[in-house]
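# Summary of the model geometry
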Amino acid sequence: MRTPNYPGADAHKWAAVDDYFSELLAPQDEALTNALSANAEAGMPSHDVSAVQGKFLALLVKLMGARHVLEIGTLGGYSTIWMARALKPEGRVTSIEIDPLRANVALENCRAAGCADKVDIRVGAASDVLPRLEGPFDLVFIDADKPNNPVYLEWALKLTRPGSVIVGDNVVRGGAVVDRRSTDPNVLGVRRFAEMLAADPRLDSTALQTVGEKGWDGFTVSFVKG
Ligand code: DHB
Ligand code: MG
């Protein structure tokens, strides 16, 4: 079992259920499990999505027939591989990573997974890289430093079109999101993000809590109405 980011009393059960469903419905090939080992060896935090979450992202890509996916926060490319493999033949994931060492590991992981040709990793701070990107993207997955979520949402809106989808990871944070007195910059970032989702007339959004091998967390899904 991986070390959950936000453990709870039933963390072992949550992880066992993730194992059960991922073995049945989201089996990982060697490239995916090797990617997780490579990330751990490189000293990255185990913030990768779980297999069932990766499969969910892949299904979103398929349901939308997405061709242009933007990921903010590559880490070691685990979610990148799930999404890249689900793309239409000419599709591409553009993924932004601030740390060049992590970006290199991610690129190697994508090569080993046979999808490097579908992945464009841009190295730099997302706030520097985003202004240089050309949209529109069909799907944006926001999964980088949480204090900047509000900035990333503004860019996601600039870089999408009516009908696009924006997903924001890690918005529950073991329940910390409801602490209105929190001074944790991550909590402040996801709370402001959620308030922006609520207030923006261009967006139609929801938030789903998850338990699993990463503990208790959750994500938002937003439809861009235009
Ligand atoms: C954290 C960040 C992530 O992207 C994630 O998936 C899990 C946890 C974090 O900052 O704690
Ligand atoms: Mg995440």
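Residues numbered from 1 in each chain as written. Chains lettered and ligands numbered in written order. Predicted model: local features only at pLDDT ≥ 70, side-chain atom pairs only at ≥ 80, totals over all residues. Heavy atoms only, no water.

## Considerations on the overall build of the chain
Summing up its helical and strand segments, the chain has 8 helices and 7 strands in all. A globule of 226 residues ought to have a C-alpha radius of gyration of about 17 Å, and the chain, at 16 Å, matches this closely. Put simply, the chain has 226 residues, and 50% of those count as buried. Taking all contacts inside the chain whose residues are at least 6 apart in sequence as the whole, residues at least 24 apart take part in 71%. Side-chain charges in the chain split into 24 positive and 29 negative, and the spacing between the mean points of these groups amounts to 5 Å. (Helix = DSSP H or I, 4+ residues; strand = E, 2+ residues; numbered from the N terminus. Rg over C-alpha atoms; globule rule 2.2 N^0.38 Å. Buried < 20%, exposed > 50% of the residue type's maximum accessible area, 1.4 Å probe, protein only. Contact = heavy atoms within 4.5 Å. Lys, Arg positive; Asp, Glu negative; His and termini not counted. Charge placed at Lys NZ, Arg CZ, Asp CG, Glu CD.)

## Some remarks on the packing of helix α2 (residues 30-41) against helix α4 (residues 78-86)
With their axes 9 Å apart at the nearest point, α2 and α4 run at an angle of 160° to one another. Viewed along their axes, α2 and α4 adopt a mutual orientation that is roughly antiparallel. Handedness of the α2/α4 crossing: right-handed. Touching Ala31, Leu32, Ala35 and Leu36 of α2 are Tyr78, Ile81, Trp82 and Arg85, all from α4. Residues of the contact of α2 with α4, tallied by class, amount to 7 nonpolar, no polar and 1 charged. (Axes fitted to C-alpha atoms, helices over the stretch in contact; angles between N-to-C directions. Parallel < 35°, antiparallel > 145°, perpendicular 65-115°, else oblique. Left-handed = near helix turned anticlockwise from the far one by under 90°. Nonpolar A, V, L, I, M, F, W, Y, C, P; charged D, E, K, R; others polar.)

## A word on the pattern of salt bridges
Applying the stated criterion across every chain yields a total of 10 salt bridges. For Arg192, the salt bridge identified is with Glu195, shortest N-O distance 3.6 Å. A residue pair is termed a helical-turn pair when its members lie 3 or 4 positions apart in one helix, as Arg192 and Glu195 do in helix α8 (residues 185-199) at 3 residues. Taking relative accessible area as the criterion, Arg192 reaches 43% and is therefore assigned partly exposed. The class for Glu195 is partly exposed, based on a relative accessible area of 40%. Asp200 is paired through a salt bridge with Arg202; the nearest N and O atoms lie 2.8 Å apart. Classification of Arg202 as partly exposed rests on a relative accessible area of 36%. (Salt bridge = Lys/Arg side-chain N within 4 Å of Asp/Glu carboxyl O.)

## Focus on the sheet that holds strand β6 (residues 203-212)
Strand order in the open sheet formed by 7 strands is β3-β2-β1-β4-β5-β7-β6, with mixed pairing between adjacent strands. The strands lining the two open edges of the sheet, one partner per strand, are β3 (119-123) and β6. Averaged over all adjacent pairs, the angle separating strand axes in this sheet is 15°, with direction ignored. Pairing between strand β1 (residues 68-72) and strand β2 (residues 92-97): 5 bridges, direction parallel. Along β2, the bridge assignment pairs Ile72 with Ile96. Running at roughly 170° to β3, helix α5 (residues 100-112) makes contact with β2 and β3 of the sheet. Sheet strands in contact with α8 are β4 (137-142), β5 (160-169), β6 and β7 (215-224), and its direction is about 30° off that of β7. (Pairing = 2+ DSSP bridges.)

## A few points about the site of ligand 1
Around ligand 1, the surrounding shell consists of Asn5, Tyr6, His47, Asp143, Lys146, Asp169, Asn170, Arg173 and Lys214. Within the side chain of Lys214, one N or O atom sits 2.5 Å away from an oxygen atom of ligand 1. Burial of ligand 1 by the protein chains amounts to 85% of its free accessible area of 290 Å². Applying the majority rule of atoms within 2 Å of the grid points places ligand 1 in the largest pocket. (Near = heavy atom within 4 Å. Polar contact = N/O pair within 3.5 Å; in protein donor to acceptor, adjacent residues only side chain to side chain. Areas by Shrake-Rupley, 256 points an atom, 1.4 Å probe, with all protein chains shown as cover. 1 Å grid on protein atoms, 1.4 Å probe; cavity = no way out; pocket = protein on both sides within 12 Å on 5 of 7 lines; lining within 4 Å. Sits in = over half its atoms within 2 Å of the grid points.)

Functional significance is not addressed by these values, which are geometric in nature.
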